[in-house]
Amino acid sequence: MVNPATCTLYELYDAHYISPTGSTAGSGAIWNLDSNALRPAGWTSADAAGLPILPGLLRYDEVQAGSVTHAIRMTAESTDTSFIWPARHEAGGSSNPNLPRWAPGSG
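Engineer: Before we go on, may I ask you to explain the overall build of the chain in this structure?
Structural biologist: Helix and strand counts for the chain come out as 1 helix and 5 strands. Going from the N terminus to the C terminus, the chain shows its helices and strands as β-β-β-β-β-α. Taken along the three principal axes of its C-alpha coordinates, the chain extends 45 × 40 × 25 Å. Residues counted as buried form 22% of the 107 residues belonging to the chain. Considering only intrachain contacts with a sequence separation of at least 6, the fraction spanning at least 24 residues in the chain is 35%. Looking at the chain as shown, the accessible area adds up to about 7,100 Å², and 58% of this sits on carbon and sulfur atoms. Within the chain, one finds 5 positive and 9 negative side-chain charges whose respective centroids are separated by 6 Å.

Set out below in structure tokens:
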């Protein structure tokens, strides 16, 4: 969810909207879209890499224009248990240098 009036992004992981009076989420994060500040190393978010998801998504207008000028989000079936800056967290299944390391947008 984005509040354009405050440039604030709210992201949830494993959200379940149970009823108008109660909802749950596994984790979440609030992002100031006017800032490039990173979460502390080791912190996750709605994205296991600990980064905001929304900025890495492709928009329809970018695809139609044939030009994407930012990093894009991708997934990998298995990743190593390390991570690459600016990622803040890992979610790998095993310590295996032959697997890709957790990088921005790999989750």
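More follows now that the structure is in view.
Engineer: Help me out: how do you make sense of the sheet that holds strand β5 (residues 27-32) in this one?
Structural biologist: Taken together, 3 strands build an open sheet; the order of strands is β1-β2-β5 and the sheet is antiparallel. With one partner strand each, in any of the chains shown, β1 (2-3) and β5 form the two edges of the open sheet. With 6 bridges joining them, strand β2 (residues 8-13) and β5 adopt antiparallel strand pairing. What sits directly across from L12, in β5, is G28.

Engineer: Just checking my understanding: could you explain a nonpolar patch on the surface for this structure?
Structural biologist: On the surface, a cluster of nonpolar side chains totalling about 580 Å² of accessible area is made up of M1, Y10, L12, Y17 and I30. With respect to the helices, strands and loops of the structure, I30 is situated in strand β5.

Engineer: How should the pattern of salt bridges be read in this particular structure?
Structural biologist: Oppositely charged side chains can pair when the atoms bearing their charge come close. Applying the stated rule across the entire model yields 2 salt bridges. One salt bridge in this structure joins D61 and R59, with 3.1 Å as the shortest N-O distance. Looking at R59, the relative accessible area reads 47%, which means it is partly exposed. R59 is the salt-bridge partner of E62, the closest N and O atoms lying 3.3 Å from each other. For E62, a relative accessible area of 7% puts it in the buried group. When salt bridges that share partners are traced, they join R59, D61 and E62 into one network.

Engineer: I would appreciate a short explanation of the pairing of strand β3 (residues 16-19) in the present structure.
Structural biologist: Each regular strand shows side chains that alternate between the opposite faces of the sheet. Looking at chain direction, β3 and strand β4 (residues 22-24) are connected through 3 bridges and run antiparallel. The residue bridging S19 from the neighbouring strand is G22, located in β4. Linking β3 to β4, which pair antiparallel, is a turn of 2 residues.

Engineer: Can you walk me through unusual backbone geometry in this structure?
Structural biologist: One can expect most non-glycine residues to show negative phi and most peptide bonds to be in trans. Omega for the peptide link from W85 to P86 comes to 10°, which places this bond in the cis form. By the secondary structure assignment, P86 is in the segment after α1 (60-65). Phi angles above zero are rare outside glycine, and C7 is one such case at about 55°. Take C7: it is sitting in the loop between β1 and β2. For C7, a relative accessible area of 28% gives the class partly exposed. Phi angles above zero are rare outside glycine, and D14 is one such case at about 55°. Relative to the assigned elements, D14 resides in the loop between β2 and β3.

Basis of the calculations
Residues numbered from 1 in each chain as written. Predicted model: local features only at pLDDT ≥ 70, side-chain atom pairs only at ≥ 80, totals over all residues. Heavy atoms only, no water. Helix = DSSP H or I, 4+ residues; strand = E, 2+ residues; numbered from the N terminus. Buried < 20%, exposed > 50% of the residue type's maximum accessible area, 1.4 Å probe, protein only. Contact = heavy atoms within 4.5 Å. Areas by Shrake-Rupley, 256 points an atom, 1.4 Å probe, with all protein chains shown as cover. Lys, Arg positive; Asp, Glu negative; His and termini not counted. Charge placed at Lys NZ, Arg CZ, Asp CG, Glu CD. Pairing = 2+ DSSP bridges. Patch = residues over 30% accessible without salt bridge, like charges linked within 9 Å, V, L, I, M, F, W, Y side chains within 5 Å. Salt bridge = Lys/Arg side-chain N within 4 Å of Asp/Glu carboxyl O.

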